[in-house]
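# Overview (structure and organization)
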Amino acid sequence: MPKELEPGSHESPDDSSSPAHTLELLCHLDDTAHGSVACVVWEPTGDGRRVISLADSHILLWDLQESSSQAVLAGSASLEGKGQLKFTSGRWSPHHTCTQVATANDTTIRGWDTRSMSQIYCIENAHGQLVRDLDFNPNKQYYLASCGDDCKVKFWDTRNVTEPVKTLEEHSHWVWSVRYNHSHDQLVLTGSSDSRVILSNMVSISSEPFGHLVDDDDLSDQEERRPEEKSQEPPQDSVIATYEEHEDSVYAVDWSSADPWLFASLSYDGRLVINRVPRALKYHILL
């Protein structure tokens with residue numbers, strides 16, 4: 001991107017008087033020989049030089065070298081089996097020093113080790129129909145969310161993939177997108193072609209299943225005189241809110257990278273809707 005548009009610059013990107021900027025082409029992924037590209041994923045951390053692309057039945061690891069305008073293919077692997085197998089989506093895990101990638105093809109979810117480009121786990125029939133999207137819990141390693149055409153959202157522990165840890169069945173049509181909140185991983189967004197966006201509170205499988213744990217030593221005398229609060233059960237998983245501003249299939253949902261309480265959704269008719277987490281829940285999580 002041009003330096004004038006980078007954060008901290010004085011020029012406003014929406015200033016109508018500013019000249020049109022052109023993007024500088026840094027690198028080209030020449031993977032046309034492998035088929036049509038379904039997904040391209042950046043390495044979550046690091047210097048931004050490694051990229052995974054999924055093309056038909058191939059998973060390709062690219063090294064974007066600064067000295068060259070052509071990306072170097074650093075590793076690859078292929079799906080093996082009957083029929084024309086094709087990847088539909090993939091996510092790069094931020095854990096395990098960024099050595100694991102999860103992919104979806106048809107109803108199967110697979111895990112890959114980027115060092116050897118070999119398969120490390122496989123969840124066959126993860127969904128009853130096509131798997132549409134995946135996302136890793138940013139704060140709890142081994143936990144992966146998936147969604148698909150069976151109208152379900154499932155949460156997996158990749159150490160034991162025989163059964164999902166949790167299943168949500170709130171949507172009435174294909175679920176296209178699932179996203180964990182980057183900071184508060186109990187907040188999970190899903191978007192579906194039932195035209196709805198659902199915000200769920202999956203606190204039981206989050207990194208803080210009992211909220212913020214407080215030692216008795218930290219409580220004041222006044223707080224200690226309320227035993228009924230100590231005996232409260234841990235918070236339960238629930239749907240926080242259902243957003244119905246869209247009139248067509250919701251294909252994508254995502255959280256803001258700058259504000260943990262802000263999220264956006266995009267539907268087939270081109271409508272972009274930006275919403276906030278309800279204030280009451282925000283303060284409940286923080287306090």
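Residues numbered from 1 in each chain as written. Predicted model: local features only at pLDDT ≥ 70, side-chain atom pairs only at ≥ 80, totals over all residues. Heavy atoms only, no water.

Next up on the list: the UniProt feature "repeat: WD" (unreviewed entry) in the chain. Summarizing the sequence annotation, UniProt attributes the feature "repeat: WD" (unreviewed entry) to residues 124-160 in the numbering used throughout. Within the segment residues 124-160, helix and strand shares are 0% and 46% respectively, and the terminal C-alpha atoms sit 13 Å apart. (UniProt positions renumbered as here; feature names shortened; annotations may be inferred. Helix = DSSP H or I, 4+ residues; strand = E, 2+ residues; numbered from the N terminus.)

Moving on, we come to the pairing of strand β18 (residues 262-267). A one-sided burial pattern is seen for β18, the buried positions being Phe263, Ser265 and Ser267 and the unburied ones Leu262, Ala264 and Leu266. Pairing geometry for strand β17 (residues 250-255) and β18, over five bridges, is antiparallel. Across the sheet, the residue bridging to Trp255 is Phe263, located in β18. A loop of six residues connects β17 with β18, the two strands running antiparallel in sequence. (Buried < 20%, exposed > 50% of the residue type's maximum accessible area, 1.4 Å probe, protein only. Pairing = 2+ DSSP bridges.)

Taken in spatial order, the four strands line up as β13-β14-β15-β16 in an open sheet, and their pairing is antiparallel. Of all the strands in the sheet, just β13 (175-180) and β16 (238-243) have a single pairing partner and so form its edges. Looking at each pair of strands side by side, their axes are set apart by 20° on average, direction ignored. With five bridges connecting them, β13 and strand β14 (residues 187-192) associate as antiparallel partners. What sits directly across from Ser177, in β14, is Gly191. (Axes fitted to C-alpha atoms, helices over the stretch in contact; angles between N-to-C directions.)

As a further point, take the environment of Pro44. Here Pro44 lies in the loop between β1 (37-42) and β2 (50-55). Residues Pro44 and Pro94, spaced 50 residues apart in sequence, show a C-alpha to C-alpha distance of 5.5 Å. Discounting residues that sit within four places of it in the chain, Pro44 has contacts with Trp92, Ser93, Pro94 and Cys98. (Contact = heavy atoms within 4.5 Å.)

This part is about a nonpolar patch on the surface. A contiguous nonpolar surface patch, about 300 Å² in accessible area, is contributed by Leu266, Leu272 and Ile274. Looking at the secondary structure, you find Ile274 in strand β19 (residues 272-276). Judged by its relative accessible area of 55%, Ile274 falls in the exposed class. (Patch = residues over 30% accessible without salt bridge, like charges linked within 9 Å, V, L, I, M, F, W, Y side chains within 5 Å. Areas by Shrake-Rupley, 256 points an atom, 1.4 Å probe, with all protein chains shown as cover. Salt bridge = Lys/Arg side-chain N within 4 Å of Asp/Glu carboxyl O.)

This brings us to the sheet that holds strand β3 (residues 58-63). Taking strand neighbours across the sheet as the criterion, the four strands line up as β1-β2-β3-β4 in an open arrangement whose pairing is antiparallel. With partners counted over all chains shown, the strands left at the sheet margins are β1 and β4 (72-78), one partner each. Averaged over all adjacent pairs, the angle separating strand axes in this sheet is 20°, with direction ignored. Pairing between β1 and β2: five bridges, direction antiparallel. Paired with Trp42 across the two strands is Val51, which belongs to β2.

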